[in-house]
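Next come the chains, spelled out residue by residue.
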Amino acid sequence: MLAGLPERAPPAVHGRAGLFCYDTMTLVGPGSWAAIRGAADAALTAAGLISSGGRLAYALCRPPGHHVTRRAYGGSCYLNNAAIAAQALLAAGAHRIAVLDIDAHHGNGTQMIFYDRADVWYGSLHVDPGAGWFPHYAGYPEERGHGEGEGFNRNRPLAPGTGDDEWLAAVTALCDEAQALEPNAVVVSLGLDAAASDPESPLCVTEAGYRAAGRLVAALAPTVLVQEGGYDLASLGGLAAVSGAAEGAGLRAPS
C-alpha cells in the first residue's frame, strides 16, 4: 500500500492495529496465533476426513478466513482456511475442487488465490459490493478468472435484503455450474451471517433456506464445510446443523 513511501509508526493505537494487514480491525494480540493456527488445523482435519472417504466434515473455524489473499490478511481473517482445505484435497489426489462461498460477504481472498487456476473453481453469492458493502473492491460479476483460470470464477452479487427465493436461485445456479465441472470434492465457505436473525446480516435467509442449500450442495460431491461469518450466537448451532443435515450427515446443534 505504501509503494515505496517510508514506513511510519502511527500514533493511534487503532492505526497500529493495521501495521501488517489491509485494515485496522483485524487485531493481533496474545493468543492470536494459537487460535489462527487452530482454525487452519480444523480445516486441514476436515479435508483429511474427506480424502479418507468421508462424505461430509464440518470445520468449526474461528477466526474465519475467506478475506485472506496470497499476500495480505484482513477482514477479521488471518489464514484462508477454505483455501487451505481446497489445496489439501488437491494434494491428497483430487483433480478439481469446487469452492462455494455462501457467506454474506464476498470472499475476495479465496477468489484471488485461485483466480488464475483451473483446478479450483470458485463461486460466491453475497451482498452486492456495489451497494456499499465489504469488501467493496471485489465481488463483481465480470470477475471471471485470468489465464488458465478464465471461466473458473463466478460471482453472483445480491441486493441488500434478499431473502430465500432469490438467494436459493443463486445457490442453485452456482451448484449447476459446479456440477458441470464434475469436482472430486466441494469446500463450502459456510458464512451464516446471511441469516435474517444475524445482527450483521445484509441478507434475510431463513433456516429453511440454509437447509435447502445444504441439500443442493450435498448432491455435488463429498463436502468440507468451513465456518466463515456468523454472529448471532443463539442461532449459529442450528443453522450449521441444518446446512449439513442432507444425506444423513448427522450434524447436530449443540444443546
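Described in the following lines is the structure provided in the data block. (Residues numbered from 1 in each chain as written. Predicted model: local features only at pLDDT ≥ 70, side-chain atom pairs only at ≥ 80, totals over all residues. Heavy atoms only, no water.)

Focus on empty space enclosed by the protein
Empty space among the atoms can be located by rolling a probe the size of a water molecule over them. Per the counting criterion, the structure on display carries two cavities of 30 Å³ or more. Each pocket or cavity is described by its volume, and for the largest cavity that value is around 70 Å³. Ile102, Val188, Leu190, Tyr210, Ala213, Gly214, Val217, Leu225 and Ser243 are the residues that line the largest cavity. Per element, the largest residue contribution to the lining of the largest cavity is four residues, and it comes from helix H6 (residues 207-218). When its residues are assigned to classes, the lining of the largest cavity shows seven nonpolar, two polar and no charged. (1 Å grid on protein atoms, 1.4 Å probe; cavity = no way out; pocket = protein on both sides within 12 Å on 5 of 7 lines; lining within 4 Å. Points joined across faces, edges and corners; volume = space filled by probe spheres on them. Helix = DSSP H or I, 4+ residues; strand = E, 2+ residues; numbered from the N terminus. Nonpolar A, V, L, I, M, F, W, Y, C, P; charged D, E, K, R; others polar.)

Let's talk about the pairing of strand E5 (residues 185-190)
Look at any regular strand and the pattern is simple: side chains alternate between the two faces of the sheet. Here E5 lies mainly inside the structure; six of its six residues are buried. Of the two faces of E5, the one lined by Ala185, Val187 and Ser189 and the one lined by Val186, Val188 and Leu190 are each fully buried. Relative to E5, strand E2 (residues 97-101) runs parallel, the two being bridged by five bridges. For Ile97, the partnering residue across the bridge sits in E5 and is Ala185. Traced from E5 through H6 to strand E6 (residues 223-227), the parallel crossover comes out right-handed. (Buried < 20%, exposed > 50% of the residue type's maximum accessible area, 1.4 Å probe, protein only. Pairing = 2+ DSSP bridges. Right-handed = clockwise from strand over helix to strand, strands pointing away.)

Here's the deal with the pattern of salt bridges
Considering all chains together, one arrives at five salt bridges under this definition. Across the pair Glu177 and Arg154 runs a salt bridge, and its minimum N-O distance is 2.9 Å. A residue pair is termed long-range when its members are at least 10 positions apart, and Glu177 in helix H5 (residues 164-180) and Arg154 in strand E4 (residues 153-158) qualify at 23 residues. (Salt bridge = Lys/Arg side-chain N within 4 Å of Asp/Glu carboxyl O.)

Some words on the nonpolar core
A general tendency of soluble globular proteins is for nonpolar side chains to be buried together. Core analysis: the largest hydrophobic core is formed by 34 residues, its most contacted members being Ile102, Leu125, Trp167 and Tyr210. For this core, the secondary-structure elements that each account for two or more residues are E2, strand E3 (120-127), H5, E5, H6 and helix H7 (233-243). In terms of residues, this core owes the most to one element, H5, which gives seven residues. Excluding its chain neighbours within four sequence positions, the residues that come into contact with Trp167 are Ile102, Leu125, Leu158, Thr162, Ala194, Leu203, Val205, Gly209, Tyr210 and Ala213. (Core = buried A, V, L, I, M, F, W, Y, C linked by side-chain atoms within 4.5 Å. Contact = heavy atoms within 4.5 Å.)

Brief notes about the environment of Ala212
Tracing the backbone through its elements, the reader meets Ala212 in helix H6. Residue class for Ala212 comes out partly exposed when judged on its relative accessible area of 22%. Between the C-alpha atom of Ala212 and that of Val171, which follows or precedes it by 41 residues, the distance is 9.4 Å.

As for the packing of helix H2 (residues 32-51) against helix H3 (residues 81-91)
It is at 8 Å that the axes of H2 and H3 come closest, and there the two elements cross at 35 degrees. As for the relative orientation of H2 and H3, their crossing is right-handed in sense. Facing H2, whose interface residues are Ala39, Ala40, Ala43, Leu44, Ala47, Ile50 and Ser51, H3 presents Asn81, Ile84, Ala85, Ala88 and Leu89. Of the residues assigned to the contact of H2 with H3, the class counts are ten nonpolar, two polar and no charged. (Axes fitted to C-alpha atoms, helices over the stretch in contact; angles between N-to-C directions. Left-handed = near helix turned anticlockwise from the far one by under 90°.)

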